[in-house]
Amino acid sequence: MSLNVNSPAYYSNVHGIDNDIYRLQQLITKNIDVRNYTDVIDAIGIVPVIAPEHIMGEMKKFHIKARFASIWLRIDYEKYLTSDLEEKKQLILQNIFDSLYVVRKRLGRKFDYERIVNDIKKLVNEGTI
């Protein structure tokens, strides 16, 4: 199963989908299989939360019996709004890495955080994104 990186919550509804950010997320979603990094869960859903703080918060849910995790972490809304494309990509990637670290903290050594992060970095650097 995949590492499912979703469109940014709130931001996409208000400002539309940024095609370059969408391609980055899809590159990761289509090429990273969570089962290569853990035997405990089969899927991780990540939703970057790009919204004013009073509108939307964070969420960290683990459903070990169902074998998936759902992580919603914030990206600074004002910073994202004023960033250029490369900065936005870096903010999204950092959000993904931070979300995966939440999984690492929960699963401990049963999740190979370092390897998944390195594989994502390699994928993004070799991709045409």
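Predicted model, so just to flag it, every value in this text is computed and none were measured.

Visitor: Report on the layout of surface pockets, specifying residues and quantitative values.
Guide: Of the pockets and cavities examined, the largest pocket occupies roughly 160 Å³. Where the lining of the largest pocket is concerned, the elements lending two or more residues are helix 4 (85-107) and helix 5 (113-126). In terms of residue count, helix 4 provides more of the lining of the largest pocket than any other element does, 6 residues in total. A breakdown of the residues in the lining of the largest pocket according to their chemical character gives 5 nonpolar, 3 polar and 3 charged.

Visitor: Mind laying out the nonpolar core, listing which residues take part and the relevant values?
Guide: When a protein is soluble and globular, its nonpolar side chains tend to lie buried together. Counting residues in each nonpolar core, the largest one holds 38 residues, and the members touching the most others are Leu 3, Ile 28, Ile 96, Leu 100 and Ile 120. Those elements that place two or more of their residues in this core are strand 1 (3-5), helix 2 (19-31), strand 3 (43-50), strand 5 (68-74), helix 3 (77-82), helix 4 and helix 5. Take this core: its biggest share by element is 9 residues, from helix 4. Setting aside chain neighbours within four positions, we find Leu 3 in contact with Ile 28, Thr 29, Ile 32, Val 34, Ile 44, Ile 46, Leu 100, Ile 116 and Ile 120.

Visitor: Any details on the packing of helix 4 against helix 5? Residues and values, ideally.
Guide: It is at 10 Å that the axes of helix 4 and helix 5 come closest, and there the two elements cross at 160°. One element, helix 4, and the other, helix 5, form an angle in the roughly antiparallel class. Note on packing geometry: the crossing formed by helix 4 with helix 5 is right-handed. Between helix 4 and helix 5, the contacting residues are Leu 93, Ile 96, Phe 97, Leu 100, Tyr 101 and Arg 104 on the first element and Tyr 113, Ile 116, Val 117, Ile 120, Lys 121 and Val 124 on the second. When the residues that make up the contact of helix 4 with helix 5 are grouped by side-chain class, the tally is 10 nonpolar, no polar and 2 charged.

Visitor: Account for the environment of Ile 55, naming residues and giving values.
Guide: On the secondary structure map, Ile 55 appears in the loop between strand 3 and strand 4 (59-63). For Ile 55, a relative accessible area of 39% translates into the label partly exposed. On a C-alpha basis, the gap between Ile 55 and Leu 73 in space is 13 Å, while along the polypeptide they are 18 residues apart.

Criteria and cut-off values
Numbering of residues starts from 1 in every chain and runs along the sequence as written. In keeping with the predicted nature of the model, local features appear solely for residues at pLDDT of at least 70, side-chain atom pairs appear and are counted solely at 80 or more, and the whole-chain, interface and lining totals rest on all residues. With hydrogens and water stripped out, all remaining heavy atoms of the structure feed into the side-chain values. Lining residues are those with an atom within 4 Å of a point, where the points come from a 1 Å grid over the protein atoms alone and group into cavities, where a 1.4 Å probe fits but cannot get out, or pockets, open sets with protein on both sides within 12 Å along at least five of seven lines. Grid points are joined across faces, edges and corners, and a volume is the space filled by probe spheres set on the points. Helical segments are the DSSP runs of H or I of at least four residues, strand segments are the runs of E of at least two, and each set is numbered from the N terminus. Polar here means any residue outside two lists: the nonpolar Ala, Val, Leu, Ile, Met, Phe, Trp, Tyr, Cys and Pro, and the charged Asp, Glu, Lys and Arg; Gly therefore counts as polar. To define a nonpolar core, start from buried Ala, Val, Leu, Ile, Met, Phe, Trp, Tyr and Cys residues and group those joined through side-chain atoms within 4.5 Å. Each residue's exposure class comes from its accessible area (1.4 Å probe, protein chains only) as a fraction of the maximum for that residue type: buried when under 20%, exposed when over 50%, partly exposed otherwise. Contacts are assigned to residue pairs that have any heavy atoms within 4.5 Å of one another. The angle between two axes is taken between their N-to-C directions and runs from 0 to 180 degrees, where each axis is a line fitted to C-alpha atoms and a helix contributes only its stretch in contact. Small angles under 35 degrees read as roughly parallel and large ones over 145 as roughly antiparallel, with 65 to 115 read as roughly perpendicular and the rest as oblique. Handedness of a crossing follows from how the near helix is turned relative to the far one, being left-handed for an anticlockwise turn of less than a right angle and right-handed for a clockwise one.

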